[in-house]
Amino acid sequence: MARSRVVSGPVGRRRFLGGLTGAAAALGLTACGVSESDGKASDGGSTEPSGAATRSIETDNGTVEVPREPKRVVVLENYDALMLLDLGLVPVGVPDGAANPQLLPKDVYEQLKDVDTIGASGTPNSQAIAALKPDLIIDQFYKEKSAPLRTIAPVAFFDWHTSGAFWNEQIAKIATAVNRESRLAEKKKEYESRIAEVRTAYRKQIETTTWAPLSGGPNGKFFLGTPLVTVMRDVGLRIGAGLPEKEAGFVPKSYEEMDVLKDCDALIYSVQADGKATPTTQQLLDHKLWKGVPAVKAGRAFPSKHFVMANYSFAIAAVGEIEEMLKKM
């Protein structure tokens, strides 16, 4: 399976998700304990009313009995929340810092701003979760932390931390868990339609140019590749800078290795939803070696607000951004 460094290791994953979760992700908090010895507990939980409609789904923590139509879903990571929104379901509980107007598109922020929080990412507060009376808990990163929560509600764990799966593979699992595959199919069809439009309209530009996505990193480094590369490849863009075909990011490079970008006709760098670069990316943009890169000198280094790939809405918006870039090629 194609691997993506955005989720294949704790440093890359936390750096990227940190842009969404904020400082809360780094807090050394401990979750309130939930006993796993409750005799009524099972992988499917025990909160479903007697006679309520349930179904079995396969997860990375085994076969789990979940509600046929989940209504009150708690998520343990911001990616989970963004995926649910694409499926037309607003979670009832999200991690601290999930709603950040600086980092999220306005429509997404508006949907999440009043949602109750359940503790920092990776340190779920069981009491806060229980108070929300969820009928399903979804987790993609913290198996050991989410397992005890099955005494509150069924826990569907889909490993993204170490699997190397891409965002579109993960959202398909989430759609199955909440029984909204038809909604997912609609969003996927919309995405594929936009891809086809852009590929047709800008065939020449696509066929004759080489691109690379990147972002700033700490300590004189930058990261080659971002999750945006999955959309770039779907558009048909040729990816340069030596980024392996099965990589999405982040591949760390030092500023001294910026020559790797010389084969690129255009570059895409990440910015936040407010259009501002993060401090580390701004350091990259200000560096003299960056300013000497051919694509930068030619005025073909473009910002993207949608380098976070968590759902098809983000991907569709990214296609729109790429279309505007292609108009300038």
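Residues numbered from 1 in each chain as written. Predicted model: local features only at pLDDT ≥ 70, side-chain atom pairs only at ≥ 80, totals over all residues. Heavy atoms only, no water.

Considering the side chain of Asp 86
Our working rule: Helix and strand definitions follow DSSP, with helices as H or I runs of at least four residues and strands as E runs of at least two, each counted in order from the N terminus. Buried means the residue's accessible area, taken with a 1.4 Å probe over protein chains only, is under 20% of the maximum for its type, while exposed means over 50%, and partly exposed covers the values in between. Working rule for contacts: check all heavy atoms of both residues, and any pair within 4.5 Å makes them a contact.
Residue position: Asp 86 is located in helix α2 (residues 78-86). The buried category is assigned to Asp 86, whose relative accessible area is 4%. Not counting residues up to four positions away in its chain, the partners in contact with Asp 86 are Ile 171, Arg 183, Lys 187, Asn 311, Tyr 312 and Ser 313.

Regarding the side chain of Thr 230
Spelled out, the test is: Pairs of N or O atoms within 3.5 Å make up the polar contacts considered here, provided that, within protein, one atom can donate a hydrogen while the other can accept it, and that residues adjacent in sequence are counted only when both atoms are side-chain atoms.
Counting through the fold element by element, Thr 230 comes out in helix α9 (residues 229-235). The buried category is assigned to Thr 230, whose relative accessible area is 13%. At 2.8 Å, the side chain of Thr 230 and the backbone oxygen of Pro 227 are in polar contact.

Let's talk about the pairing of strand β12 (residues 266-270)
The condition is simple: Paired strands are those between which DSSP finds at least two bridges.
Here β12 lies mainly inside the structure; five of its five residues are buried. Here β12 shows a buried face lined by Ala 266, Ile 268 and Ser 270 and a second buried face lined by Leu 267 and Tyr 269. In terms of strand pairing, strand β8 (residues 210-216) meets β12 through four bridges, oriented parallel. By the bridge assignment, Ala 212 is partnered in β12 with Leu 267. Pairing of β12 with strand β13 (residues 301-304) involves four bridges; the strand directions are parallel. Bridging across to β13, Ile 268 finds its partner in Phe 302.

Brief notes about unusual backbone geometry
Positive phi values are uncommon outside glycine, yet Lys 133 reaches one of about 50 degrees. With relative accessibility at 64%, the residue Lys 133 sits in the exposed group. The phi dihedral of Asn 179 is positive, around 60 degrees, even though this residue is not glycine.

Some words on the packing of aromatic side chains
Stated precisely, the cut-off is as follows: What counts as a ring pair is set by centres within 6.5 Å for rings of Phe, Tyr and Trp (its six-membered ring), and what kind of pair is set by the plane angle: stacked under 30 degrees, edge-to-face over 60, tilted for all other angles.
Applying the stated rule across the entire model yields nine aromatic pairs. Ring geometry for Trp 167 versus Tyr 191: centroids 6.4 Å apart, planes at 85 degrees, classification edge-to-face. Linking Trp 167 in helix α6 (residues 167-177) with Tyr 191 in helix α7 (residues 181-201), this pair joins segments that are 24 residues apart in sequence. Its relative accessible area of 4% is what places Trp 167 among the buried residues. Residue class for Tyr 191 comes out buried when judged on its relative accessible area of 5%. An aromatic cluster is built from Tyr 79, Phe 141, Tyr 142 and Trp 160, whose rings are joined through pairwise contacts.

Things to note about the layout of surface pockets
Rules: For cavity detection a 1 Å grid was placed over the protein atoms alone, and a set of points counts as a cavity when a 1.4 Å probe fits there but cannot get out; an open set counts as a pocket when protein lies on both sides within 12 Å along at least five of seven lines, with lining residues being those that have an atom within 4 Å of a point. Grid points are joined across faces, edges and corners, and a volume is the space filled by probe spheres set on the points. Put simply, Ala, Val, Leu, Ile, Met, Phe, Trp, Tyr, Cys and Pro go in the nonpolar bin, Asp, Glu, Lys and Arg in the charged bin, and everything else, Gly too, in the polar bin.
By volume, the second largest pocket is sized at about 210 Å³. Lining the second largest pocket are 14 residues; nearest its centre among them are Asp 86, Asp 107, Val 108, Gln 111 and Ser 313. Where the lining of the second largest pocket is concerned, the elements lending two or more residues are α2, α3 (106-112), α7 and α13 (312-327). Considered class by class, the residues forming the lining of the second largest pocket number six nonpolar, four polar and four charged.

Let's talk about α13
Residues spaced three or four apart along an α-helix face the same direction, because each turn holds 3.6 residues. Worth spelling out the cut-off: Expected helix span is given by 1.5 Å per residue-to-residue step, counting one fewer step than there are residues.
Look at α13: 23 Å from first C-alpha to last across 16 residues, which is about the 22 Å you get at 1.5 Å a residue. Backbone nitrogen of Ser 313 and a side-chain oxygen of the N-cap are separated by 3.1 Å at the start of α13; the cap is Asn 311.

The quantities given are spatial measurements derived from coordinates; they are silent on function.
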